[in-house]
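A look at the structure
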2 protein chains.
Amino acid sequence: FKLRGALNKLLTLDTAQRERGVVAFSSGNHAQAVAIAARELGMKATIAMPTDAPRAKLEATRSYGAEVVLYDRMKEDREALARRLADETGGVICPPFDHEWIIAGQGTSALELLEEVPDLDALVVCVGGGGLLSGCCIAAKGLRPEIRIFGAEPEQANDTYLSFKAGRRVEIPPPDTIADGLRPTKPGAVTFPIVQKYAEDVLLATEDEIVQAVTFVQSRMKMVVEPSGAVPAAVALAHKLPRDVGRAGFLVSGGNV
Amino acid sequence: FKLRGALNKLLTLDTAQRERGVVAFSSGNHAQAVAIAARELGMKATIAMPTDAPRAKLEATRSYGAEVVLYDRMKEDREALARRLADETGGVICPPFDHEWIIAGQGTSALELLEEVPDLDALVVCVGGGGLLSGCCIAAKGLRPEIRIFGAEPEQANDTYLSFKAGRRVEIPPPDTIADGLRPTKPGAVTFPIVQKYAEDVLLATEDEIVQAVTFVQSRMKMVVEPSGAVPAAVALAHKLPRDVGRAGFLVSGGNV
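In this report, we go over the structure that sits alongside the text. As the structure is a prediction and not an experimental result, all values here were calculated from the model.

Okay, helix α5 (residues 78-89) of chain B next. Residues and elements named next belong to chain B. With twelve residues, α5 should reach 16 Å at 1.5 Å per residue; the first-to-last C-alpha distance of 16 Å fits that figure. Where α5 is concerned, the buried positions are Arg-78, Leu-81, Ala-82, Leu-85 and Ala-86. All buried residues of α5 fall inside an arc of 140° around its axis, so they share one side. If you follow the buried residues of α5, they end up packed against β1 (22-25), β2 (45-50), β3 (67-71) and β4 (92-93). A positive backbone phi angle near 75° is found at Gly-90, which sits one or two residues after α5.

Right under this line is the structure:
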């Protein structure tokens, strides 16, 4: 679904824009998606990735033909870096979450899930910048207005939780969580109002709970999942959903470990 | 499907037999299946497992309530040990592969696959004792007589390959392969004639090819698979299927790693 988001965005570009290439910033899954989408469309991709991104994600992104520019997540502002790279290369920025095309592409995951299992009472989705969650909100509420939607976020990277409670976008310092895909420091300007409108709550998982969920999904469900993608399973396994929730669906997303 | 095989067998027992419990021998997947099936039916399970069985399999089998008796795979005959344990406990032996109920249960995997993807030209199935392969032969040929069936076996544990070529059951010394689930030393008396009748060929994978297939399935398909279950993928990735095979299905079985 990350790939669908990136393709959605790049397909809106005209020929001249495509020739100048694309610039993106991402800890890894969006980076890979942009790299593949750019390759498919014959575009050059320049992607800013943090120095502490998982090696699997760095290698995969390079293997899809993108040029990777490393930055220090604790010191540098990745959006400013992306703007500079865009100025230098003339490329178009493909944002990781805060954009309608990205949101629409990511929302197809909830679409697929509900097409397969229509009678869900609730849906639990991980939240970093909020692209996946807001896309899933729109898709799921559109198909099934009575569905209850919960965001799942690391306790160590609780910007959306704090924002949700405060009723406005709150920024946190660069977070230290094993869920590297959920490290944005504040919710998106486009995504947050959607989350505010449709989500019932944002639930938090501790680092221990996330690790346990990765192990559970791997050893019992035989699926490879990265920590970020296991956060919905983590809040469920830790019994953090309201007790009156019946049948719930959980997105398991990202397998770069 | 291992569980279905074990349940199939245990459900044929009368109350008096169930009270005496069940005895099994297995490197792990059948062990877990028997342990779960016995627990469901309120039976005691005693299971002989090799000292070099993967720790995940030993722990899982014990966690399902079975008593595990360890034996040295290089020195002891596991069938003789199982007979002794059966004599001591009065329990019924639930064989790992060479039994019609086990074969029927394991064949349900091909049934499921063909129900989901009916137009397969070929089916590739791993072979240890031949329970899974012979069950799949019966199910797949019953549903789709023109389907071509291939066994996939480690080069280091090629008893079925040798038997298939010789036209009779050949025994090999205890094999040394990473695919611990495929270490039986000869094909079953019940399974081999079925394999002979329905399989087109038995294809061999080297240890390297098996390891590469495990990595491929894990990193690209995001599924946890143990070496034994990756052998069909290994022969495919190593281009060992006949070139005129069109759409092939591969069983990916067992995820104890």
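Back to the text.
So, about the interface of chain A and chain B. In this complex, chain A contributes seven residues to the contact, which on the side of chain B involves seven residues. Counting across the chain A and chain B interface gives zero salt bridges. Our enumeration of links across chain A and chain B arrives at four residue pairs in polar contact (both at pLDDT 80 or more).

Residues and elements named next belong to chain A. Membership of the largest hydrophobic core comes to 43 residues, with the highest contact counts inside it found for Leu-123 and Val-231. Among the secondary structure elements, those contributing two or more residues to this core are α6 (100-116), β5 (122-126), α7 (131-143), β6 (148-154), α9 (191-198), β7 (199-205), α10 (207-220) and α11 (227-237). Examining the composition of this core, we find that six residues originate from one element, α7, more than from any other. With near-sequence residues (within four places) excluded, Leu-123 lies in contact with Ala-110, Leu-113, Cys-136, Ala-140, Ile-147, Arg-148, Ile-149, Phe-150 and Gly-249.

With that settled, the discussion passes to the sheet that holds strand β3 (residues 67-71) of chain A. All names here are of chain A. Spatially, the four strands line up as an open sheet ordered β3-β2-β1-β4, and their pairing is parallel. Across the chains shown, the open sheet's two edge strands, defined by having one partner strand only, are β3 and β4 (92-93). Inspection of the sheet shows strand β2 (residues 45-50) paired to β3 by five bridges, in the parallel sense. Its bridge partner being in β3, Thr-46 is matched across the sheet by Glu-67.

Once that is clear, we can look at the relation of the copies chain A and chain B. Laying chain A over chain B is done by rotating through 179° and shifting 0.1 Å along the axis; what remains is an RMSD of 0.0 Å. The transformation just described matches what one would write down for a two-fold rotation axis. Closest to the rotation axis within chain A is the C-alpha of A:Met223, separated from it by 2.4 Å. Taken together, the interface assignments show that 86% of the residues at the interface of chain A recur at the interface of chain B, consistent with an identical surface on both copies.

Turning next to the pattern of salt bridges. Residue and element names in this part refer to chain A. Tallying each qualifying case throughout the model produces 34 salt bridges over all chains. A salt bridge links Lys-44 to Glu-67; its shortest N-O distance comes to 3.9 Å. With Lys-44 in the loop between α3 (29-40) and β2 and Glu-67 in strand β3, the pair connects residues that are 23 residues apart, well separated along the chain. Linking Asp-180 and Lys-57 is a salt bridge whose minimum nitrogen-to-oxygen distance equals 2.7 Å. Note that Asp-180 is positioned in the loop between α8 (159-166) and α9 and Lys-57 in helix α4 (residues 55-63), a separation of 123 residues in sequence. The same class applies to Asp-180 and to Lys-57, which are both buried. Beyond isolated ion pairs, a larger network of salt bridges with shared partners links Asp-52, Arg-73 and Arg-183.

About the criteria used
- Residues numbered from 1 in each chain as written.
- Chains lettered and ligands numbered in written order.
- Predicted model: local features only at pLDDT ≥ 70, side-chain atom pairs only at ≥ 80, totals over all residues.
- Heavy atoms only, no water.
- Helix = DSSP H or I, 4+ residues; strand = E, 2+ residues; numbered from the N terminus.
- Expected span 1.5 Å × (residues − 1).
- Buried < 20%, exposed > 50% of the residue type's maximum accessible area, 1.4 Å probe, protein only.
- Arc of directions from axis to C-beta.
- Contact = heavy atoms within 4.5 Å.
- Salt bridge = Lys/Arg side-chain N within 4 Å of Asp/Glu carboxyl O.
- Polar contact = N/O pair within 3.5 Å; in protein donor to acceptor, adjacent residues only side chain to side chain.
- Core = buried A, V, L, I, M, F, W, Y, C linked by side-chain atoms within 4.5 Å.
- Pairing = 2+ DSSP bridges.
- Least-squares fit on C-alpha atoms with pLDDT ≥ 70 in both.

The analysis is restricted to geometry; functional conclusions fall outside its scope.
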